[in-house]
Amino acid sequence: MEGIVETRRGRNGGTFVVLPPFPSAHELKESLKRTSLVALRDFFDEQAAVAGMATRLAAERTPPTSSTRLAEFAFQAREARSVRDRSMADSRFHFEIAVLSQSQRLLTSEQRLQSELSPFLWCDAICPPSPQQAFTQHLALVMAIEQQRPEEAQRLAVEHVRGNMKLIIDGKLALHRTAAPHELESAQ
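Residues numbered from 1 in each chain as written. Predicted model: local features only at pLDDT ≥ 70, side-chain atom pairs only at ≥ 80, totals over all residues. Heavy atoms only, no water.

(A) View of helix 5 (residues 104-121). Taking 1.5 Å as the rise per residue, helix 5 with 18 residues should run 26 Å; its terminal C-alpha atoms sit 25 Å apart, in good agreement. Maximum bend of helix 5: about 35°, positioned at Gln114. Among the residues of helix 5, Leu106, Leu107, Ser109, Glu110, Leu113, Gln114, Leu117, Ser118, Pro119, Phe120 and Leu121 are the ones counted as buried. Those residues of helix 5 hidden inside the fold are in contact with helix 1 (25-34), helix 2 (37-61), helix 4 (83-100) and helix 7 (150-177). (Helix = DSSP H or I, 4+ residues; strand = E, 2+ residues; numbered from the N terminus. Expected span 1.5 Å × (residues − 1). Bend = angle between axes of the 7 residues up to and from the residue. Buried < 20%, exposed > 50% of the residue type's maximum accessible area, 1.4 Å probe, protein only. Contact = heavy atoms within 4.5 Å.)

This is the structure in structure tokens:
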């Protein structure tokens, strides 16, 4: 069982959907230590391609008269207090951009990529989180999409991904600098 449903006995029993387990800081750090820089670069290349095109299409396909929930989701991500809530709110913002792109494939790719990325990005033990910086970047994306500026939207999305890549790679390098000597020997 992966923690997605839970069965309870008794009068108020039944099967209930529960949140999947969120990785601990230790699990995230160990996973990041095992991930090569080449694999991280490849991941972020894919993330930049997906997020960039989804954002561009959202700007092209969102009518200027329609109202989006992007600003609302940006505020929710900034105001979230726990790592899990911040990660989920940040992902929800990016999912909404993919929804606005009107491409099911881009949405599916964004969902997969966010599930892999977001926990690392908001883990205090890896990256010093900056909800305000992310919020500022998110608002710039909202403006570019809602004002139908596709080239700018795509550029901002790619810059956002590259900034996240830098944070996570810096976090990985810091983990290796602080690793105990026996950990470094076993990693070689």
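(B) Broad picture of the packing of helix 6 (residues 131-146) against helix 7. With their axes 8 Å apart at the nearest point, helix 6 and helix 7 run at an angle of 160° to one another. Classified by the interaxial angle, the pair formed by helix 6 and helix 7 is roughly antiparallel. The chirality of how helix 6 crosses helix 7 is left-handed. Listed contacts from helix 7 to Gln137, His138, Ala140, Leu141, Ala144 and Ile145 of helix 6 are Glu152, Ala153, Leu156, Ala157 and His160. (Axes fitted to C-alpha atoms, helices over the stretch in contact; angles between N-to-C directions. Parallel < 35°, antiparallel > 145°, perpendicular 65-115°, else oblique. Left-handed = near helix turned anticlockwise from the far one by under 90°.)

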